[in-house]
Amino acid sequence: MKKIILLIITAIIFVGCNSIEKKEAKISKEIEIKNPWIRSAAAGMNTALFFDLKNNSEADDSLVSVESDAAELIQIHETIKAPNGMMQMKEIGKVSVRKGTEMKFKPMGKHIMFILLHEDLPAGDSVEVKFNFSKAKSMSQKVVVKDFTK
Ligand SMILES: [Cu+2]
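Owing to the predicted nature of the structure, the values given are computational and were not obtained by experimental measurement.

Novice: Please set out the overall build of the protein chain residue by residue, giving values where relevant.
Specialist: When helices and strands are tallied, the protein chain shows one helix and 10 strands. Going from N to C terminus, the protein chain has its helices and strands arranged as α-β-β-β-β-β-β-β-β-β-β. The proportion of buried residues among the 150 residues of the protein chain is 33%. A separation of at least 24 residues holds for 65% of the contacts in the protein chain among residues at least 6 apart in sequence. Accessible surface computed for the protein chain: about 9800 Å², of which carbon and sulfur atoms make up 57%.

Novice: Tell me about the environment of Asn-132, and please be specific about residues and values.
Specialist: Tracing the sequence through the fold places Asn-132 in strand 9 (residues 126-133). Once you skip the residues sitting within four places of it in the chain, Asn-132 turns out to touch Ser-62, Leu-63, Val-64, Ser-65, Glu-67 and Ser-138.

Novice: Which residues make up unusual backbone geometry, and what values do they have?
Specialist: Not every positive phi belongs to a glycine, and Asn-35 is a case in point at roughly 45°. Mapped onto the secondary structure, Asn-35 falls in strand 1 (residues 31-39). Of the residues examined, Asn-35 reaches a relative accessible area of 59% and is grouped as exposed.

Novice: Outline the nonpolar core, listing residues and values.
Specialist: Formed by 29 residues in total, the largest nonpolar core has its most connected members in Leu-49, Leu-63, Ile-112 and Phe-114. If you list the elements that add at least two residues to this core, you get strand 1, strand 2 (47-55), strand 3 (61-67), strand 4 (71-81), strand 6 (95-97), strand 8 (110-117), strand 9 and strand 10 (139-146). The element best represented in this core is strand 9, accounting for four residues. Non-local contacts of Leu-63, meaning those with residues more than four positions away in its chain, are made with Phe-51, Leu-53, Ile-76, Lys-94, Val-95, Phe-105, Ile-112, Phe-131, Asn-132 and Phe-133.

Novice: Residue-level account of the coordination of the copper ion, with values.
Specialist: At this site the copper ion is bound by His-77 (ND1), Met-89 (SD), His-111 (NE2) and Met-113 (SD), with donor distances of 2.1 to 2.4 Å. Its four donor atoms give the copper ion angles of 91 to 122° at the centre, a pattern that matches the tetrahedral case. Ordering the donors of the copper ion by residue number gives the pattern H-x11-M-x21-H-x1-M. Linking Met-89 in strand 5 (residues 87-91) with Met-113 in strand 8, this pair joins segments that are 24 residues apart in sequence. Residue Met-113 is classed as buried on the basis of its relative accessible area, which comes to 7%.

Criteria and thresholds
Within any chain, residue numbers begin from 1 and follow the written order of that chain's sequence. Local features are withheld for residues below a pLDDT of 70 in this predicted model, meaning they are given only at 70 or higher, and side-chain atom pairs are given and counted only at 80 or more; totals for whole chains, interfaces and linings count all residues. Computation of side-chain values: all heavy atoms of the structure, hydrogens and water removed. Strands are runs of DSSP state E lasting at least 2 residues, helices are runs of H or I lasting at least 4, and numbering of each runs from the N terminus. Three exposure classes are used, based on accessible area relative to the maximum for each residue type with a 1.4 Å probe and protein chains only: buried under 20%, partly exposed in between, and exposed over 50%. Contacts: residue pairs with any heavy atoms within 4.5 Å of one another. Computed with a 1.4 Å probe, the accessible areas rest on the Shrake-Rupley method; for each residue, only the protein chains presented here act as cover. Grouping buried Ala, Val, Leu, Ile, Met, Phe, Trp, Tyr and Cys residues that are joined through side-chain atoms within 4.5 Å yields what is termed a nonpolar core. For Na, K and Ca the donor cut-off is 3.2 Å, while for other metals it is 2.8 Å, and in both cases only N, O and S atoms qualify; water is not among them, so sites may look incomplete. For four-coordinate sites, all angles between 85 and 135 degrees define a tetrahedron; for four- and six-coordinate sites, opposite donors beyond 155 degrees with the remaining angles between 65 and 115 define square planar and octahedral shapes respectively, and all other cases count as irregular.

Below, the structure is given as structure tokens:
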């Protein structure tokens, strides 16, 4: 009798895990980080991360923060043209992306600023980056390091 109960419990655990995995796979597709890359830079310098953020879900969402061990501080930035004609960067709290649309983080536009890199980031390396959203589940992704070319 004990053996049968144990078998039933094991079966329940297995079925439970299975359905959780399926749910996660579905959630992670609601928001997509496409073509992410980070500009190569030396330790102690700043650099930027670029990607396309696609919202496939049925609800508007927003990117609220980005985390990585690669830098001391990470901020969401936007490049803007100041009244004197100079290009300047400013921190923006979060970036909303409406359902069914795509938002581009690109040079001279919105980007994720990595401030005070802990280590050299040479081209070809990769960095583990975590993206946090208002609604969608946080997403970790490996991001490739590339040289900046115009
Ligand atoms: Cu910046």
